[in-house]
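Each chain, written out:
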Amino acid sequence: MKQRLITGIVAGAVFLGLCALGGWSYQLLLTGMALIGMFEFVKMTGLSPFSSTSLLGYASIVCFMIPWGLLGVSPWLSWEQGLWLMLLLFLLVTVFTKNKQDIKITALLFTGIVYIGMGFSYMGTARAAGDEHGLFWTLLLLCCIWGSDAGAYFVGRSFGKNKLWPAISPNKTVEGALGGVLISVVISVIFALFVPDLLTIGRALLIGISCAVLGQLGDLVQSAYKRVYGIKDSGSLLPGHGGILDRCDSWIIVFPFVHIVMLMPYY
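Residues numbered from 1 in each chain as written. Predicted model: local features only at pLDDT ≥ 70, side-chain atom pairs only at ≥ 80, totals over all residues. Heavy atoms only, no water.

Per an unreviewed UniProt entry, the protein chain carries the name Phosphatidate cytidylyltransferase and comes from Paenibacillus tianjinensis. Annotation of the protein chain in UniProt includes, under Catalytic activity (unreviewed entry), the sentence "a 1,2-diacyl-sn-glycero-3-phosphate + CTP + H(+) = a CDP-1,2-diacyl-sn-glycerol + diphosphate". Taken from UniProt, the Subcellular location (unreviewed entry) comment for the protein chain reads in full: "Cell membrane". (UniProt positions renumbered as here; feature names shortened; annotations may be inferred.)

Below, the structure is given as structure tokens:
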């Protein structure tokens, strides 16, 4: 617990400091985290992290993370065009390697680049968008996610009796999940009360619920992957916490979701 606490404080201070700075500092941090996350994902599948297919995955992640707004130019391709070209390249891997990298592996890696690349990309979008209020929206989502995690943990430990999804994550409980939703909503409403011009109570309720529910589902997604491959953590970068995907599994689901369903009013 001591190691976990120290790692959390140091990593959290670095992350929040660069998030507050924004701009290139934060974007480079997110890009580095996305690349490490993809490295963990590749290793989890059993594929060599330095194979040609893996390198294509890293290159795809970098493409997702290009900060067009900071560069002051428009994207060369739409999301749909970019995704289709990436898909084509991964499909061609099976041809050029004569099925040494079969469709199961390439399909899994394509899933990984969309899962990780879009997740971290939308984190950058949240910070850069909304004019000077990008930090507000980023902190809102992060605080709701962290509050949900803490609420689920402590409420689950204190009152949890009914297992939520024992086949995937045996320690999670229904009571803990509901506690996480409650805490996330309370945090979101507090943000709305302090800055009512930016966030209405109604939107705050929707964001709080979305962060908690999608965040917990993101955690379950990562738990399901790890259970399939028989591993405890996706990596060992953060002592006591595991890898980047272990810590960011909720973030990379929540940030794209709230943008895609247009819960962010600036989007």
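Right, picking up where we left off after that structure.
Draft legend 1. Seen up close, the overall build of the protein chain. When you go through the protein chain residue by residue, the secondary structure sums to 11 helices and 2 strands. If you list the helices and strands of the protein chain from N to C, you get α-α-α-α-α-α-α-β-β-α-α-α-α. Taking 267 residues into account, the globule formula puts the C-alpha radius of gyration at 18 Å, and the protein chain, at 19 Å, falls close to it. Seen through its C-alpha atoms, the protein chain measures out along the principal axes to roughly 55 × 45 × 30 Å. Counting the 267 residues in the protein chain, one finds 45% classified as buried. Across the protein chain, every contact between residues at least 6 apart in sequence was considered, and the portion connecting residues at least 24 apart equals 68%. On the protein chain, roughly 13,700 Å² of surface is accessible, and the fraction owed to carbon and sulfur atoms is 70%. (Helix = DSSP H or I, 4+ residues; strand = E, 2+ residues; numbered from the N terminus. Rg over C-alpha atoms; globule rule 2.2 N^0.38 Å. Buried < 20%, exposed > 50% of the residue type's maximum accessible area, 1.4 Å probe, protein only. Contact = heavy atoms within 4.5 Å. Areas by Shrake-Rupley, 256 points an atom, 1.4 Å probe, with all protein chains shown as cover.)

Draft legend 2. View of the nonpolar core. Formed by 54 residues in total, the largest nonpolar core has its most connected members in Ile 116, Phe 120, Leu 199, Trp 251 and Phe 255. Looking at this core element by element, the count peaks at 10 residues for helix 6 (residues 103–128). Sequence-distant contacts of Ile 116, that is, excluding residues within four places in its chain, are made with Ala 34, Gly 37, Met 38, Phe 41, Ile 61 and Leu 245. (Core = buried A, V, L, I, M, F, W, Y, C linked by side-chain atoms within 4.5 Å.)

Draft legend 3. Representation of helix 3 (residues 52–64). With 13 residues, helix 3 should cover 18 Å at 1.5 Å per step; its first-to-last C-alpha distance of 19 Å lies within 8% of that length. All of the buried residues along helix 3 are Thr 53, Ser 54, Leu 56, Gly 57, Tyr 58, Ser 60, Ile 61 and Phe 64. Those residues of helix 3 that are buried lie in contact with helix 2 (23–45), helix 5 (79–96) and helix 6. (Expected span 1.5 Å × (residues − 1).)

Draft legend 4. Quick look at the state of the cysteines. The full count for this structure, using the stated rule, is 0 disulfides. Take Cys 211: it sits in no disulfide, and the sulfur closest to it among the cysteines is that of Cys 144, at 4.5 Å. Free cysteine: Cys 248, not disulfide-bonded; nearest cysteine sulfur from Cys 19 at 12 Å. According to the relative accessible area criterion, Cys 248 is buried, its value standing at 2%. (Disulfide = S-S within 2.5 Å.)

Draft legend 5. Spatial organisation of the pattern of salt bridges. The full count for this structure, using the stated rule, is 3 salt bridges. With its nearest N and O atoms 3.3 Å apart, the salt bridge here joins Asp 219 to Lys 172. Linking Asp 219 in helix 9 (residues 201–229) with Lys 172 in strand 2 (residues 169–173), this pair joins segments that are 47 residues apart in sequence. Here Asp 233 makes a salt bridge to Lys 232, at a shortest N to O gap of 3.8 Å. (Salt bridge = Lys/Arg side-chain N within 4 Å of Asp/Glu carboxyl O.)

Draft legend 6. Layout of the packing of helix 6 against helix 9. The geometry of helix 6 relative to helix 9 is characterised by a closest axis approach of 14 Å and an angle of 150° between their N-to-C directions. Considered as vectors, helix 6 and helix 9 are oriented roughly antiparallel to each other. Considering only the axes of helix 6 and helix 9, their crossing is left-handed. Contacts between helix 6 and helix 9 involve Leu 108, Thr 111 and Tyr 115 from the first element and Val 221, Gln 222, Tyr 225 and Tyr 229 from the second. Split by residue class, the contact of helix 6 with helix 9 holds 5 nonpolar, 2 polar and no charged. (Axes fitted to C-alpha atoms, helices over the stretch in contact; angles between N-to-C directions. Parallel < 35°, antiparallel > 145°, perpendicular 65-115°, else oblique. Left-handed = near helix turned anticlockwise from the far one by under 90°. Nonpolar A, V, L, I, M, F, W, Y, C, P; charged D, E, K, R; others polar.)

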